[in-house]
Each structure stands twice: as structure tokens, then as C-alpha cells.
Amino acid sequence: MNAEPADQIRLLDVQALDVRLSQLAHKRESLPEHAEIESLNKDLTQLRDLLVAAQTEESDCAREQTKAEQDVDQVRQRAARDQQRLDSGAITSPKDLENLQHEITSLAKRQGNLEDVVLEIMERRESAQERVSELTERVSSVQSKIDSATERRTAAYQELDGEAAAVTKEREVVAGSVPADLLKLYEKLREQQGGVGAARLYQRRCEGCQLELNITEVNEVKAAARDAVLRCENCRRILVRTSESGL
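Rules used throughout
Residues numbered from 1 in each chain as written. Predicted model: local features only at pLDDT ≥ 70, side-chain atom pairs only at ≥ 80, totals over all residues. Heavy atoms only, no water. Axes fitted to C-alpha atoms, helices over the stretch in contact; angles between N-to-C directions. Helix = DSSP H or I, 4+ residues; strand = E, 2+ residues; numbered from the N terminus. Parallel < 35°, antiparallel > 145°, perpendicular 65-115°, else oblique. Left-handed = near helix turned anticlockwise from the far one by under 90°. Nonpolar A, V, L, I, M, F, W, Y, C, P; charged D, E, K, R; others polar. Buried < 20%, exposed > 50% of the residue type's maximum accessible area, 1.4 Å probe, protein only. Pairing = 2+ DSSP bridges. Contact = heavy atoms within 4.5 Å. Salt bridge = Lys/Arg side-chain N within 4 Å of Asp/Glu carboxyl O.

S.K.: Before we go on, may I ask you to explain the packing of helix 2 (residues 32-88) against helix 3 (residues 94-175) in this structure?
M.R.: One way to put it is that helix 2 packs onto helix 3 with a least axis distance of 5 Å and a crossing angle of 160°. Classified by the angle their axes make, helix 2 and helix 3 are roughly antiparallel. Seen along the crossing, helix 2 lies across helix 3 with a hand that is left-handed. Among the residues making up the contact of helix 2 with helix 3, the classes are represented as 31 nonpolar, eleven polar and 22 charged.

Structure (C-alpha cells):
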């Protein structure tokens with residue numbers, strides 16, 4: 001294949017633009033915000049699970065407290081009725097009086113025990129409420145960090161995508177000035193060679209594989225026609241000669 005030296009030089013420009021596009025794509029995929037957001041989302045999931053557990057505990061305590069307070073109220077009402085019967089003087093039998101007094105005493109003890117239960121439940125509920133409040137604040141804080149990181153990532157996306165669009169447009173213009181057959185070969189090699197299809201020959205060294213040409217290869221390059229499209233013997237990339245090739 002043959003192509004004017006100027007066309008081959010422009011192929012290096014296309015390659016440089018392709019490298020820049022690859023760099024921008026890699027940078028987009030490697031933004032530190034990606035890992036930051038992923039880590040924060042894991043923290044957020046764990047905190048939300050803990051929050052649900054704390055809210056469930058608080059809700060359970062609330063039901064327990066309501067039930068225990070109802071039990072206390074029932075005992076208190078029964079004790080009040082018994083005391084009213086005792087105070088009314090309607091009961092004259094000594095045995096009935098003794099039984100009633102004994103029941104009032106038992107109810108008072110029962111009420112005290114139930115009130116202790118209510119206090120214990122209230123303490124657990126208060127602790128659960130404090131836990132809910134703490135976790136709610138932590139969830140909010142982590143969510144704010146996620147929002148902030150997401151905004152920073154979006155801004156970075158916009159900047160990188162804007163530059164990529166400009167580079168892509170420039171590449172279209174430069175590539176459009178390269179002969180179709182040369183560009184087709186370049187594209188094929190670029191796909192095969194990890195994104196680099198053409199390399200400059202600089203000081204007798206291929207900048208694609210970074211290997212220096214031996215004396216035989218140098219002589220072959222020297223003897224080649226100025227418009228010949230050369231290939232590196234080692235990496236098979238298009239080898240473009242310039243004024244700095246050291247020939």
C-alpha cells in the first residue's frame with residue numbers, strides 16, 4: 001500500500017485523537033466518585049436496615065406499653081371498686097371483710113408490679129427512640145454525601161463528555177482527509193493492537209512496541225519509497241516516518 005507522507009502524518013494525528021478519546025473514556029469510568037458512591041450506598045443500605053430494626057423495636061415497645069398501661073388501669077379500677085365497697089359499710093361479715101381487705105392488698109401489690117413493668121418498657125422505648133433518631137440523622141448524612149458525590153460525578157461527566165464530543169468532531173475532520181484504504185487498515189490494526197494502529201518511527205524506535213529497529217530493518221526503511229506504507233516487523237502496526245526517525 002502507498003500513501004503520501006503527509007497523509008501518513010495525518011494518520012498519526014488520528015491516532016493521537018483516538019488515544020485521547022480512550023483516555024477520556026477511561027477517566028470517565030475511573031472517576032473517584034464511582035467508588036465513593038458505591039461505598040456510601042453500602043453504608044446507606046446497612047444504616048437503613050438498622051433504622052428499620054430500631055423503628056420496629058420502638059413500635060413493639062409502644063404496643064407493649066399500651067398493653068401494660070391498660071393492665072395497670074384495670075387493676076387500679078378494680079382496687080377502687082373494692083375500696084368503695086369496703087368504705088360503704090355494706091359488707092358486715094368478718095370473713096368477707098377479711099377477704100376484701102386481702103384482695104385490696106393483693107391488687108395494690110399487683111399494681112406496683114405492673115407499674116414497674118410499664119417503667120421498664122418506657123425505658124426500652126426511650127432507648128429505641130433515641131436509636132431511631134440517631135440512625136435517622138446518620139441516614140440523612142450519608143444520603144447528603146451521596147447526593148454531593150453524584151453531583152460532582154455528573155459535573156465531571158459533563159466536562160469529559162464535552163471534551164470527548166469536541167475531540168470526536170476533530171477526529172472526523174482529520175480522518176476525513178486520510179485516504180480510505182489507509183484509514184481502513186489503520187482501524188483494523190487499532191482494533192487488533194489494543195487501540196494503537198499507527199506509530200511514529202522515532203530515533204529508529206517504533207513508538208508502538210518501543211523496540212528499536214535492527215540495522216537490517218533500518219536499511220529496509222531507508223530503501224523504501226517515500227510513499228510506501230511501512231509496518232513494524234515486531235508489532236505489525238503502521239510505522240510512520242518523520243523528520244525525527246533518525247534515518
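S.K.: What am I meant to see in unusual backbone geometry here?
M.R.: At R204, a position not held by glycine, the phi torsion is positive, near 65°. Checked against the element boundaries, R204 lands in the loop between strand 1 (198-202) and strand 2 (205-206). A relative accessible area of 27% means that R204 is categorised as partly exposed. Phi is positive for R236, which is not a glycine, with a value near 70°. Residue position: R236 is located in the loop between strand 3 (230-231) and strand 4 (238-241). Since its relative accessible area comes to 36%, R236 is described here as partly exposed.

S.K.: Would you mind showing me how to read the sheet that holds strand 2 here?
M.R.: Consider a sheet: its strands pair through backbone hydrogen bonds, and that pairing is either parallel or antiparallel. Strand order in the open sheet formed by four strands is 2-1-4-3, and the pairing between neighbours is mixed. If you trace the sheet from one side to the other, it starts and ends with strand 2 and strand 3, each paired once. Judged from the two bridges that link them, strand 3 and strand 4 form a sheet pairing that is antiparallel. Pairing of R231 across the sheet is with I238, part of strand 4. Each of strand 1, strand 3 and strand 4 is contacted by helix 4 (residues 180-192), which is oriented at about 125° to strand 4, the strand it contacts most.

S.K.: Whenever I open this one, the pattern of salt bridges confuses me. Can you help?
M.R.: Any two side chains of opposite charge can pair, so long as their charged atoms come close to each other. Throughout the structure, instances matching the rule amount to 23 salt bridges. Close ionic contact of R78 with E103 constitutes a salt bridge, the shortest N to O distance being 2.9 Å. On the criterion of sequence distance, the pair formed by R78 in helix 2 and E103 in helix 3 is long-range, its members being 25 residues apart. Look at R78 and you get partly exposed, because its relative accessible area is 42%. Close ionic contact of E187 with R190 constitutes a salt bridge, the shortest N to O distance being 3.2 Å. Note that E187 and R190 are positioned in helix 4 at a spacing of three residues, about one turn of the helix. Overall, E187 belongs to the partly exposed group, its relative accessible area being 27%. For R190, a relative accessible area of 22% corresponds to the partly exposed category.

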